[in-house]
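So the chains spell out like this:
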Amino acid sequence: MPITPTEKIWFNGELIPWDQAQIHILTHTLHYGMGVFEGIRAYETEDGPGVFRLTDHMRRLAESAQIMMMPLPYSVEELVQAAKETVASTGLPSCYVRPIAYYGYGEMGLNTLPCSVDVAIACWPWGAYLGDDAATKGVRMKISSWQRHDHNIMPPSSKTTGNYVNSSLAKVEALKAGYDEAILLNRAGMVAECTGENIFVSRKGKLITPPVASGALEGITQDTVMTIARDLGFEVVLGDLSRADLYVADEMFVCGTAAEVSAVNSVDDRDLPCPGPMTTAIAHEYAKAVRGQVDRYKDWVEHAR
Ligand code: PMP
């Protein structure tokens, strides 16, 4: 998706002009893939842009860094403040927010211990990740021939840049085959997640979503959806799903910061009822929650100014 530039990017403590946020070709992370990042959305609210669950995203960034043994030079609170400043500097009512921490220029080789860590936060306008129709008409999914990372190979619970080689392989394979998105199974053959979304399946009145142990990222939207679904009176469990569980789902949706709540209309060419009533109710409440329109979820909306 093409990027629409904004004015400033936060880089190591200051806002600098968009075009000056450049790195050297020998930047360590460019070669070895060990950076950690986040994907966050700021939504238009009555009180200006509200960054949804900003602190939770920055906490996950810190946890990703901790898993990777990367010393972050800023606290979660400092990163929250920096993201707010960056969002406010764009003047946009809503935008996508991308913090990244990476090993910079100065060292080569696989020992990261002597490397310095650089941190940047960029914001730009970004529309519906799986297409404008995803919430209503749904997306076509395909089980990937690629497996999700194993916990002892590339920890899937860390949002590490290098992990997304696996996601990109699966995404491109699915697109080339005429599908919208891929579903990755773990090494035990159970459902993990999509290339950038967590999965929810409804069966016999119960919503089931695979946990971190399955190889899924601990999704912040997944957590939001579980809270909303329970508040709407639905039963929600974290649990294992086989591919056949997806084929006989009463309804299914995927969710993530970029994709929000996107209905699924088929898996491996087995049609599913779409959008189902649970998906519709949850997607509706989610759209209101992120815009600060639901009182009980107001604390999740962190205003940029
Ligand atoms: N799984 C993967 C692999 C992802 O990249 C994302 C997006 N960060 C998600 C799930 C959903 O996570 P979140 O709801 O926190 O955006």
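This one's a predicted model, so the numbers in the text were calculated from it and none came from an experiment. (Residues numbered from 1 in each chain as written. Predicted model: local features only at pLDDT ≥ 70, side-chain atom pairs only at ≥ 80, totals over all residues. Heavy atoms only, no water.)

## Observations regarding the domain arrangement of the protein
And step 1. As far as domains go, the protein holds domain 1 (8-124) and domain 2 (139-289).
And step 2. Put simply, the middle of domain 1 and the middle of domain 2, counted by C-alpha atoms, are 26 Å apart.
And step 3. The partner domain 2 presents 19 residues to the 21 residues of domain 1 that form the contact.
And step 4. Summed over both partners, the interface of domain 1 with domain 2 buries about 1600 Å², with 57% contributed by carbon and sulfur atoms.
And step 5. Between the two partners, domain 1 and domain 2, sit 1 salt bridge.
And step 6. Where Asp223 meets Arg53, a salt bridge forms, and the shortest distance between an N and an O atom there is 2.8 Å.
And step 7. For the pair domain 1 and domain 2, the number of links is 14 residue pairs in polar contact (both at pLDDT 80 or more).
And step 8. Ranked by residue count, the leading element in the side of domain 1 that touches domain 2 is helix α2 (residues 54-68), at 6 residues.
And step 9. Residue composition of the side of domain 1 that touches domain 2, by class: 10 nonpolar, 6 polar and 5 charged. (Domains from an automatic or database assignment. Contact = heavy atoms within 4.5 Å. Buried area = accessible area lost by both parts, 1.4 Å probe. Salt bridge = Lys/Arg side-chain N within 4 Å of Asp/Glu carboxyl O. Polar contact = N/O pair within 3.5 Å; in protein donor to acceptor, adjacent residues only side chain to side chain. Helix = DSSP H or I, 4+ residues; strand = E, 2+ residues; numbered from the N terminus. Nonpolar A, V, L, I, M, F, W, Y, C, P; charged D, E, K, R; others polar.)

## Things to note about helix α7 (residues 277-290)
And step 1. When the terminal C-alpha atoms of α7 are compared, their 20 Å separation across 14 residues agrees well with the 20 Å that a helix rising 1.5 Å per residue should span.
And step 2. All of the buried residues in α7 are Met278, Thr279, Ile282, Ala283, Glu285, Tyr286, Ala289 and Val290.
And step 3. Directly after α7, the chain includes Gly292, whose backbone phi takes a positive value near 70°. (Expected span 1.5 Å × (residues − 1). Buried < 20%, exposed > 50% of the residue type's maximum accessible area, 1.4 Å probe, protein only.)

## Here's the deal with helix α3 (residues 76-90)
And step 1. Helix length check: α3, at 15 residues, gives a terminal C-alpha distance of 22 Å against a target of 21 Å (1.5 Å per residue), a fit within 8%.
And step 2. Taken together, the buried positions of α3 are occupied by Val76, Leu79, Val80, Ala82, Ala83, Lys84, Thr86, Val87 and Thr90.
And step 3. Of the residues one or two after α3, Gly91 is the one with positive phi, at around 70°.

## Some thoughts on empty space enclosed by the protein
And step 1. Tallied over the entire structure, the rule returns 2 cavities of 30 Å³ or more.
And step 2. As a volume, the largest cavity reaches approximately 50 Å³.
And step 3. Along the walls of the largest cavity sit Ile40, Arg41, Tyr43, Phe52, His57, Ile220, Thr221, Thr224, Thr257 and Tyr286, which together make up its complete lining.
And step 4. Residue composition of the lining of the largest cavity, grouped by class: 5 nonpolar, 4 polar and 1 charged.
And step 5. When residues are assigned to domains, the lining of the largest cavity turns out to be shared by domain 1 (8-124) and domain 2 (139-289), each giving three or more.
And step 6. Taken together, Arg148, Pro156, Ser158, Asn163, Tyr164, Glu193 and Leu217 make up the full set of residues lining the second largest cavity. (1 Å grid on protein atoms, 1.4 Å probe; cavity = no way out; pocket = protein on both sides within 12 Å on 5 of 7 lines; lining within 4 Å. Points joined across faces, edges and corners; volume = space filled by probe spheres on them.)

## Digging into the site of the ligand
And step 1. Residues in contact with the ligand amount to 15 residues; listed here are only the nearest, Arg60, Tyr164, Glu193, Thr221 and Thr257.
And step 2. A distance of 2.5 Å separates an oxygen atom of the ligand from a polar atom in the side chain of Tyr164.
And step 3. The separation between an oxygen atom of the ligand and a polar side-chain atom of Thr221 is 2.5 Å.
And step 4. For the ligand, the protein covers 96% of the area, taking 380 Å² as the surface of the free molecule.
And step 5. Counting atoms within 2 Å of the grid points, the majority share of the ligand lands in the largest pocket.
And step 6. The residue makeup of the shell around the ligand, split by class, is 3 nonpolar, 7 polar and 5 charged. (Near = heavy atom within 4 Å. Areas by Shrake-Rupley, 256 points an atom, 1.4 Å probe, with all protein chains shown as cover. Sits in = over half its atoms within 2 Å of the grid points.)

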